[in-house]
Amino acid sequence: DVTHVHHSNVTTKDDAAPIRQFFGGRFARVEFANEQSHDLAGVKDRILSSSYMPRESDSRFTEMMRDVEASFARHHHDGIVKLEYATQLFYGRLD
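Residues numbered from 1 in each chain as written. Predicted model: local features only at pLDDT ≥ 70, side-chain atom pairs only at ≥ 80, totals over all residues. Heavy atoms only, no water.

## As for the overall build of the protein chain
What the protein chain contains, in helices and strands, is four helices and two strands. Along its sequence from the N terminus, the protein chain presents helices and strands in the succession α-α-β-α-α-β. Burial statistics for the protein chain: of 95 residues in total, 16% are counted as buried. Taking as baseline every contact in the protein chain between residues at least 6 positions apart, the subset at least 24 positions apart corresponds to 72%. When the accessible area of the protein chain is evaluated, it comes to approximately 7900 Å², of which 51% is carbon and sulfur surface. (Helix = DSSP H or I, 4+ residues; strand = E, 2+ residues; numbered from the N terminus. Buried < 20%, exposed > 50% of the residue type's maximum accessible area, 1.4 Å probe, protein only. Contact = heavy atoms within 4.5 Å. Areas by Shrake-Rupley, 256 points an atom, 1.4 Å probe, with all protein chains shown as cover.)

As C-alpha cells, this is what we get:
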C-alpha cells in the first residue's frame, strides 16, 4: 500500500527538528532524483526482496502478484516500467 508507506505519512510536522538537533543547528539538504527500470520479473524480484511484503505462504500473495501483473500490463512501455524515487541527503558540521 504505497499511500501507507509514503514518506509524507511517516514524517512529523517539523521533520527537520531531529536533524537540526543531530547537527547542533545548521544543516543543508539536497535531493537526488533517481529511477530503476525493470521488466516484469525485475518488478516481482524487487517486491519479493522487501521484508514487509507478503510471502508465498501468505494468503494475500497470489492476489498481490495478480495485481502486480495487471499494473505492469497497464503501465509498461516496451516491457519496461520505471520506478522513480528521490533520495534526500542531509549534511552539516558536527561540533
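## So, the pattern of salt bridges
Per the counting criterion, the structure on display carries four salt bridges. Glutamate 31 is paired through a salt bridge with arginine 29; the nearest N and O atoms lie 3.3 Å apart. A salt bridge links glutamate 35 to lysine 82; the shortest N-O distance between them is 3.7 Å. Residue glutamate 35 is found in strand β1 (residues 28-38), and its partner lysine 82 is found in strand β2 (residues 81-91); the two are separated by 47 residues along the sequence. Overall, glutamate 35 belongs to the partly exposed group, its relative accessible area being 37%. (Salt bridge = Lys/Arg side-chain N within 4 Å of Asp/Glu carboxyl O.)

## What about helix α3 (residues 40-48)?
For α3, the full list of buried residues reads Gly42, Val43 and Ile47. Down the axis, α3 shows its buried residues gathered within 135° of arc, on one side only. Where the residues of α3 are buried, they touch β1, α4 (61-75) and β2. (Arc of directions from axis to C-beta.)

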